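Spelled out, the chains give:
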Amino acid sequence: MFVGNIVAGSVHDYALMKRWFDPALSWFDGADVWLDLGFLGAASDYGNKARIHLPHKKPRASKNNPHPALADQQRRENKKQARTRISVEHSIGGMKTFHCLMHRIRNRLSIFIDSFFGLGAGLWNLKISL
């Protein structure tokens with residue numbers, strides 16, 4: 001899991017990934033990288049160097065296909081990947097229960113703002129260990 005600096009919610013996840021991990025460099029050589037659908041271009045940018053795992057996207061409805069659906073195999077693969085990701089999502093949600101990550105921080109020191117995330121992670125780890 002990678003945790004970067006805190007940025008505004010309007011910044012796209014994949015744009016941040018390309019900024020921090022230049023696709024021209026060998027960041028993920030031979031690694032399994034599990035991503036969500038917010039990183040759709042990653043397979044083309046990083047795919048020849050790494051094994052990018054993205055969930056299958058449901059096709060759009062059209063006149064020829066008014067009720068699109070995923071194949072059974074694709075649905076099973078998405079469910080398997082969701083089981084892996086749910087623990088990460090629950091941890092992020094659990095850290096947000098400490099409210100210091102949910103509200104606007106009016107301090108301008110970036111080191112102080114980043115330490116809130118570490119504080120939330122530490123408190124969450126303490127809570128689940130008890």
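Residues numbered from 1 in each chain as written. Predicted model: local features only at pLDDT ≥ 70, side-chain atom pairs only at ≥ 80, totals over all residues. Heavy atoms only, no water.

Novice: Lay out the overall build of the protein chain with the relevant residues and their values.
Specialist: Helix and strand counts for the protein chain come out as four helices and two strands. The secondary structure elements of the protein chain, listed N-terminal to C-terminal, are α-β-α-β-α-α. Over its C-alpha atoms the protein chain spans a radius of gyration of 18 Å, topping by over 25% the 14 Å that the globule rule assigns to 130 residues. For the protein chain, the C-alpha atoms occupy an extent of roughly 55 × 35 × 30 Å along the three principal directions. Considering the protein chain as a whole, with its 130 residues, one finds that 19% of them fall into the buried category. Taking the average location of the 19 positive side-chain charges in the protein chain and that of its 10 negative ones, the two points are 9 Å from each other. (Helix = DSSP H or I, 4+ residues; strand = E, 2+ residues; numbered from the N terminus. Rg over C-alpha atoms; globule rule 2.2 N^0.38 Å. Buried < 20%, exposed > 50% of the residue type's maximum accessible area, 1.4 Å probe, protein only. Lys, Arg positive; Asp, Glu negative; His and termini not counted. Charge placed at Lys NZ, Arg CZ, Asp CG, Glu CD.)

Novice: I'd love a proper account of the environment of Ala-121, names of residues and values included.
Specialist: You can see Ala-121 is positioned in helix H4 (residues 110–129). Once the C-alpha coordinates of Ala-121 and Phe-98 are considered, the two residues, 23 residues apart in sequence, prove to be 9.6 Å apart.

Novice: Now, about the side chain of Asn-78: what can you tell me, with residues and values included?
Specialist: Within the secondary structure layout, Asn-78 lies in helix H3 (residues 72–95). With near-sequence residues (within four places) excluded, Asn-78 lies in contact with Pro-55, His-56 and Leu-70. (Contact = heavy atoms within 4.5 Å.)

Novice: So what's going on with the packing of aromatic side chains? Which residues, and what values?
Specialist: If you walk through the whole model with that rule in mind, you get four aromatic pairs. An angle of 85° between the planes, with centres 6.4 Å apart, marks the rings of Tyr-14 and Phe-39 as edge-to-face. Within this pair, whereas Tyr-14 is found in helix H1 (residues 13–20), its partner Phe-39 is found in the loop between strand E1 (32–34) and helix H2 (42–46), the two being separated by 25 residues in sequence. Taken as a pair, Tyr-14 and Phe-39 share a single burial class, namely buried. With 5.3 Å between their ring centres and 50° between their planes, Phe-21 and Phe-28 make a pair best called tilted. (Phe/Tyr/Trp six-rings, centres within 6.5 Å; stacked < 30°, edge-to-face > 60°.)

Novice: Tell me what's going on with the confidence of the model for the protein chain, and back it up with residues and numbers.
Specialist: Residues of the protein chain with pLDDT of at least 70 account for 91%, and the chain-wide mean is 82. Least confident of the elements in the protein chain is H4, whose mean pLDDT is 80; most confident is H3, at 88. (pLDDT = per-residue confidence, 0-100.)

Novice: So what about the nonpolar core? Which residues, and what values?
Specialist: Listed in full, the eleven residues of the largest apolar core are Tyr-14, Met-17, Phe-21, Phe-28, Val-33, Leu-35, Phe-39, Ala-42, Tyr-46, Ala-50 and Ile-52. For this core, the secondary-structure elements that each account for two or more residues are H1 and H2. Setting aside anything within four residues of it in sequence, one finds Ala-42 in contact with Tyr-14, Leu-35, Gly-47 and Ile-52. (Core = buried A, V, L, I, M, F, W, Y, C linked by side-chain atoms within 4.5 Å.)

Novice: Describe a nonpolar patch on the surface, listing the residues and the values that go with them.
Specialist: Together, Leu-119, Leu-123, Leu-126 and Leu-130 line one region of the surface with nonpolar side chains, adding up to about 420 Å² of accessible area. Relative to the helices and strands, Leu-119 resides in helix H4. On the basis of relative accessibility, which here comes to 45%, the residue Leu-119 falls in the partly exposed class. (Patch = residues over 30% accessible without salt bridge, like charges linked within 9 Å, V, L, I, M, F, W, Y side chains within 5 Å. Areas by Shrake-Rupley, 256 points an atom, 1.4 Å probe, with all protein chains shown as cover. Salt bridge = Lys/Arg side-chain N within 4 Å of Asp/Glu carboxyl O.)

Novice: Which residues make up the side chain of Gln-81, and what values go with them?
Specialist: Tracing the sequence through the fold places Gln-81 in helix H3. Among the residues examined, Gln-81 registers a relative accessible area of 5% and is labelled buried. At 2.9 Å, the side chain of Gln-81 forms a polar contact with the backbone oxygen of Leu-35. Those residues in contact with Gln-81, other than ones at most four positions away along the chain, are Trp-34, Leu-35, His-53, Leu-54 and Pro-55. (Polar contact = N/O pair within 3.5 Å; in protein donor to acceptor, adjacent residues only side chain to side chain.)

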